[in-house]
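The primary structure of each chain is shown beneath.
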Amino acid sequence: MGQGRRLLGLEDLWEYRELLYFLTWRDLKVRYKQTAFGLAWAILQPLLLMLVFSVSIGRIAGLAPDGMAYPLFALSGLVPWTLFSQGVSGASDSLVGGESIITKVYFPRLIVPLAVVGSFLPDFVVGLLLLLIVLGVGGVTPSVTLLALPLAALALIVTTVGVGSFLAALNVRYRDVRYAVPFLLQLWLFGSPIVYASSVIGPSFRVVYAINPLAGPIELFRWSLLGGTPPSPSIAVSTAVSLAVLVVALSYFRRVERTLADVI
Amino acid sequence: MSRIVVEGLGKRYRVGATQAPYGRLTESLWNAARGLLGGREKREADREFWALRDVSFSIPEGAAVGVIGRNGAGKSTLLKILSRITEPTTGRAELRGRVGSLLEVGTGFHPELTGRENVFLSGAILGMRRAEIARRFDEIVDFAGASQFLDTPVKRYSSGMKVRLGFAVAAFLEPEILLVDEVLAVGDAEFQKKSLGKMSELGGGGRTVLFVSHSMPSILRLCPQAILLDKGRVLATGASGEVVRRYLESDVGRTSQRVWTVDDAPGDVVARLRSVRVVARDGSPDEIDIRQPLDVEVTYWSSDPSGLRPSVNLHFYNDEGVCLFVTNDWSNRDWWTQPRRPGLVHATCRVPGNFLAEGRVTVTAAVSTYDPTVVHAVEWDAIAFQVVDRSEGDGVRGVYAADWPGVVRPMLEWDIAFEPTVRD
């Protein structure tokens, strides 16, 4: 009802939910038609990253909490990271790449980056299954904390959609974004508790660390699967930042959307 | 009840002489920094241009209205605003009811997906519900004649096939308001007829249709009412016969020659029009004696014709929008069979004297290649001239002075045999 919802153009989105479904399905289908390994990439990507990190920095003491095998620890961060990085890099290019339909027919433009993120969800689910199997083989059995997994996944998706749609809109205005995104993602990988535990970070950096909107979802995700010490209160900050990013992203997106077809 | 209400609609575009439509980040940051420091000067390179200015009209439920005008008159911009693709700078446009817009054939087709998949995808993009597409699926496929190719990726379709399938999806849209842009000018002749038939069917049943076209015959056939746009403003509205006449009598009908520079020439990499002109072998090119032959000269740059045979075709129309005839330079068999090289092509069509009827004749010029048909350059209503009958007993009408009907007035050969009455 509120002005806010109209500003973000969200009720329109509900009206067009079937289109969202079709575009998600298209992105998924097209991606797998063009690859030889298809859905196997959903397993290979986090697995290969896990190998790379285990071989390169895995021996360094203290990166993973005590008593936790580094590969297991890394994989539990790399699976959600894969969704984030694929979703963000796919979404950031999506508006520019969708020019041919954007200039020919109306629909809420937010559907385009949403569909891209959505099309990576099946990969995420496959990655999650892989992770559960690997954890099982490694002797980690999920505890009651697993109940927090849906919340962690939701927080992860919110962050991905927020960052992805913001970059998608920014990319329309400034094509530099395309070149900046891979670099940005690399920084983000090392600036988040993915291949190392957040306990590694010194206290003076904690504040800066907490405003990283990806840190909270990843920590929550890992805790729900591995248990151990509950995540620090800083994840509340991270989650709030993640929601703020989403709101800012949606309103910026809405602003760009108004003249999108003229400048794309 | 009005289905479409448009009030004071305007759309301004900024045309930066040096600037791309999208900016560079550094440029923006620099401007922001200057703004903070109090520098307020505007970039002088920015030019403004109003694609639409102060446009108002309303269209009642069930009406089919044509929108006509020259290239750049604002027709496409109007359609884009009405279909919500872009927002107006001033004024408002209100559409009451479910809107379907058809600005292209095969909107949203993905080459990697099969025909079946694309029918669903394109239908959804055009605003159909999934259940609706499923219900009409067989009809759509039937209309396109595509049943054998349903599971083939669209990238392997011929261009004609793609167009047919794309149009078929669109033809089964059932919005209350339908916005259509020129999509009928596609496909082979038979399919065009079929889609025109489908379009007039769509016009019935209380549906409101806004149809943008360069084709006066299609406008006259499909739309009882029409709007004439010129340089972004409404020049005339009313019965389409009258509006079409206004259009053809306006500045469209006054130029006997058009010349383009490399920058504004219509066309693509294969062919780009350089000039179209009418040359009267005797007298002024604007007014041509009905007895005199005339030439229509088309010059085009052909920069990359490798493996193709670009060919000029001319469509001649009278001031009621009736197509008098179409002619193509492949009538010159020597030229048609010659391999093409890059260069400037001068093609001259010779129209005999004592052939056209009196009145204003408008010529559309295009350069195309065939099999598959691709129109590389086209200028609708490129030139026009007036044919006047000043014959003094030596023309087709002889000494008969009253109205002489017919869209052409050819002087034909007659054989006369005479058998005198034999009286015994």
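The present account deals with the structure reproduced in this document. The shown structure was predicted, so the numbers you read here are calculated from the model rather than taken from an experiment. (Residues numbered from 1 in each chain as written. Chains lettered and ligands numbered in written order. Predicted model: local features only at pLDDT ≥ 70, side-chain atom pairs only at ≥ 80, totals over all residues. Heavy atoms only, no water.)

### Focus: the overall build of chain A
Thought 1: Within chain A, the regular secondary structure consists of 13 helices and zero strands.
Thought 2: With the C-alpha coordinates of chain A rotated into their principal frame, the extents come out at 55 × 45 × 35 Å.
Thought 3: Relative to its full complement of 264 residues, chain A shows a buried share of 53%.
Thought 4: In chain A, of all internal contacts separated by at least 6 residues, the share reaching a separation of at least 24 is 82%.
Thought 5: Surface exposure of chain A reaches about 12,000 Å², of which carbon and sulfur atoms provide 71%.
Thought 6: Computing the positive centroid from 18 side-chain charges and the negative centroid from 13, chain A places the two 1 Å apart. (Helix = DSSP H or I, 4+ residues; strand = E, 2+ residues; numbered from the N terminus. Buried < 20%, exposed > 50% of the residue type's maximum accessible area, 1.4 Å probe, protein only. Contact = heavy atoms within 4.5 Å. Areas by Shrake-Rupley, 256 points an atom, 1.4 Å probe, with all protein chains shown as cover. Lys, Arg positive; Asp, Glu negative; His and termini not counted. Charge placed at Lys NZ, Arg CZ, Asp CG, Glu CD.)

### Focus: empty space enclosed by the protein
Residue and element names in this part refer to chain A.
Thought 1: All told, the structure shown has two cavities of 30 Å³ or more when counted by the stated rule.
Thought 2: Considered as a void within the structure, the largest cavity measures approximately 70 Å³ in volume.
Thought 3: Along the walls of the largest cavity sit A42, P46, V79, T82, L83, Q86, F120, D123, F124 and G127, which together make up its complete lining.
Thought 4: Counting residues per element, the ones that place at least two in the lining of the largest cavity are α4 (40–56), α5 (70–97) and α8 (121–137).
Thought 5: It is α5 that provides the largest number of residues to the lining of the largest cavity, a total of four residues.
Thought 6: Looking at the lining of the largest cavity residue by residue, the classes come out as six nonpolar, three polar and one charged.
Thought 7: Approximately 40 Å³ is the volume found for the second largest cavity. (1 Å grid on protein atoms, 1.4 Å probe; cavity = no way out; pocket = protein on both sides within 12 Å on 5 of 7 lines; lining within 4 Å. Points joined across faces, edges and corners; volume = space filled by probe spheres on them. Nonpolar A, V, L, I, M, F, W, Y, C, P; charged D, E, K, R; others polar.)

### Notes on the interface of chain B and chain A
Thought 1: Taken together, the contacts link 32 residues of chain B with 31 residues of chain A.
Thought 2: Between chain B and chain A the total buried area reaches about 3,000 Å² when both faces are included, carbon and sulfur atoms providing 58% of it.
Thought 3: At the boundary of chain B and chain A, one finds seven salt bridges.
Thought 4: A salt bridge links A:D12 to B:R84, with the shortest nitrogen-to-oxygen separation between them at 3.4 Å.
Thought 5: Here chain B and chain A share ten residue pairs in polar contact (both at pLDDT 80 or more) between them.
Thought 6: Sorting elements by how many residues they give to the side of chain B that touches chain A places helix α3 (residues 115–125) of chain B first, with five residues.
Thought 7: A per-class count over the side of chain B that touches chain A returns 13 nonpolar, nine polar and ten charged. (Buried area = accessible area lost by both parts, 1.4 Å probe. Salt bridge = Lys/Arg side-chain N within 4 Å of Asp/Glu carboxyl O. Polar contact = N/O pair within 3.5 Å; in protein donor to acceptor, adjacent residues only side chain to side chain.)

That is the geometry; function is a separate question.
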